[in-house]
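Residue-level listing of the chains:
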Amino acid sequence: MPVSGVLLAFDTATAATVVGLSIDGDVVCELADRPAAAGRPRHAERLLALCEQALGEAGIGWGELGRIGVGIGPGTFTGLRIGVATAQGLAQANAAQLIAVPTLQALALPARGAQPALQIAAVSDARRGEAYIAAWAPDGHQVVADQACPPPQLAAVLAAEEAATFAVGEGALIFRKELESGAITVPDDGSLLHQLVGSSLCQVADASEPVKAAALVPRYVRQPDAELSRQVRADSK
Amino acid sequence: MLGIETSCDDSCAAVLAGDGSILSNVISSQSIHDKYGGVVPEIAARHHLELLTPTIAAALRQAELTLEQIERVAVTQGPGLIGALLVGVGQAKAIAAARSLPLVGVDHLQGHIAANFISPEPFEPPFICLIASGGHTLLARVEDHSSYSTLGETLDDAAGEAFDKGARMLGLPFPGGPALEALAAGGDAEAFDFPTARNVRGFDFSFAGVKTALLYTIRDLGEGEAERRRADLAASYQRAIVEALVDRLSRALEADGGDHVAIGGGVAANGPLRAAVEALGITSHIPARELCTDNAAMIASAARFLPDCSQQAALTLDAYPSGAQR
Ligand SMILES: [Zn+2]
């Protein structure tokens, strides 16, 4: 079914602030703020400004937004909060629909086009020495669910039964050694396939159904530390 | 004016009319923290993300307004839990941007002070203001509607924190203030002589000493005796905290020469504190209980007297966790 109307999609789950705008399914603008390596994310300062810039470049007013797609992670808790809170506010202000965009799925999208015969893994930096990963079979169905993974287990978790694996994302660069030791292919450091881009956010959102505001919950993947220690206490009783 | 407040564990939204009267004031509390014995920042932030949108919708509904009729948006910028603040700031910025409304970033403590400016009985500056809650203990001189100068702060625990920690030592549930007050009602406030940090200089507060004194007293009494005298311990502990607060308040009034005083924050709901302030025999003002604890009406009230953010700042506004930006 062809999609119609104006869609604004953005993601703040990684260090980058990524924005895309599509009209009737055609991507008309994509913008991003990408801090240099180890640079501080600038989600709070840049997200709304980039959204406004994208709308301005397309000559569209806030009131014309029909749908808002937002990256739900996994990613940094702070980034996810800023993104989802912003989407909730925008949707509320204009009675726009909300669409949840899984961040790793959007990250994997350009690689799918580049390597249609391979299993695609999206890998991002989960900090604390871990990676967030997910993977999709060549036929498009997800074979590894979104999760936080310690580096030594990356190759085993991603081991595909039929197709070889092609891994992209900032996390794939950080854990290149662990991935390549498991015979997983990681494109060159400079490859654009490692970047989450606005057009991918729009495409994933355009292919998804809107959700109710209450159902728009980030994929935290990890539990809060306090909950973990409470469970440890409860288990040891 | 739409007000939004998410600095701690309550998701709050309110609508204020142009004259400062309340059209709605909705507070969605997160009872979830009780089982952790205190507010967990990450859990508070996650709940705000689920609660704030429906809370704003409820505030508009109760005011019988739609967002189209809102003229300004006010939000707590800090200080508070950063993850919690970000949810309110993120939504407020987005609503203001998408509806082309002016945005006002409000200091949380200025908000507590501005609870006194709410109609129909606004309390006019100048006055001395004591704000005591689980997160802050502030003694301030309020000269006008838009600013205050800090006279004293706590050097360690906040007054409400002292109540919560004392309550926990006495086996009471979190939040401890109301439970401790209830237990203390049946006890002898003179039974134990806990320190009130009178020797702390100036107008600052310290509650670490009284907390430690309670701990040692319970230990020295032994389990059975401490259990038998819980009410006396609670009453004496409460007296020490209230005396410390009122002592600084009196000192500040004396030094200032003024005779108007207001109190706010969750601890202002404490009966003995309210009685002690009234006993000072001066003109005092204590907002209604739901305006003393964290709420968004006080944030909107403060914003009435503050300038709008610039257009640029409205897009880039960030939350701040501590009071450093003041
Ligand atoms: Zn407060």
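Before going into details, it helps to say that this report is about the structure given with it. Remember, predicted model here, so these are calculated numbers, not experimental data. (Residues numbered from 1 in each chain as written. Chains lettered and ligands numbered in written order. Predicted model: local features only at pLDDT ≥ 70, side-chain atom pairs only at ≥ 80, totals over all residues. Heavy atoms only, no water.)

1. Considerations on the sheet that holds strand β5 (residues 97-101) of chain A
Residues and elements named next belong to chain A.
- Taken in spatial order, the five strands of this open sheet run β3-β2-β1-β4-β5, and their pairing is mixed. With partners counted over all chains shown, the strands left at the sheet margins are β3 (26-33) and β5, one partner each. Here the strands of the sheet are splayed against their neighbours by 15° on average, with no regard to which way each runs.
- Both strand β2 (residues 17-23) and β3 contribute to a ladder of seven bridges, which runs antiparallel. The residue of β3 that forms the bridge with L21 is C29. (Pairing = 2+ DSSP bridges. Helix = DSSP H or I, 4+ residues; strand = E, 2+ residues; numbered from the N terminus. Axes fitted to C-alpha atoms, helices over the stretch in contact; angles between N-to-C directions.)

2. So, the pattern of salt bridges
- On inspection of all chains with the given rule, the structure shows 23 salt bridges over all chains.
- Where D206 of chain A meets R67 of chain A, a salt bridge forms, and the shortest distance between an N and an O atom there is 3.0 Å. Placement of D206 of chain A in helix α7 (residues 198-206) and of R67 of chain A in strand β4 (residues 65-71) is noted, with a sequence separation of 139 residues between them.
- Judged by relative accessible area, D206 of chain A falls into the buried class, the value being 13%.
- Here E42 of chain B ties to R81 of chain A by a salt bridge, and the two come within 2.8 Å at their closest N and O atoms. Remark: R81 of chain A occurs in helix α2 (residues 77-94) and E42 of chain B occurs in helix α1 (residues 41-62); the pair is interchain, linking two chains. (Salt bridge = Lys/Arg side-chain N within 4 Å of Asp/Glu carboxyl O. Buried < 20%, exposed > 50% of the residue type's maximum accessible area, 1.4 Å probe, protein only.)

3. What about the coordination of the zinc ion?
- Protein coordination of the zinc ion is provided by H108 of chain B (NE2), H112 of chain B (NE2), H136 of chain B (NE2) and D294 of chain B (OD), with donor distances spanning 2.0 to 2.5 Å.
- Classification of the site at the zinc ion rests on its four donor atoms, whose angles at the metal span 88 to 165°, yielding the label irregular. (Donors = N, O, S within 2.8 Å, 3.2 Å for Na, K, Ca; no water. Tetrahedral: all angles 85-135°; square planar, octahedral: opposite > 155°, others 65-115°.)

4. Overview of the sheet that holds strand β10 (residues 283-285) of chain B
All names here are of chain B.
- Ordered by their spatial adjacency, five strands build an open sheet running β8-β7-β6-β9-β10, and the pairing between neighbours is mixed. The open sheet has two edge strands with one neighbour each: β8 (149-153) and β10. Averaged over all adjacent pairs, the angle separating strand axes in this sheet is 20°, with direction ignored.
- Bridge analysis of strand β7 (residues 137-142) against β8 gives four bridges, and the strand direction is antiparallel.

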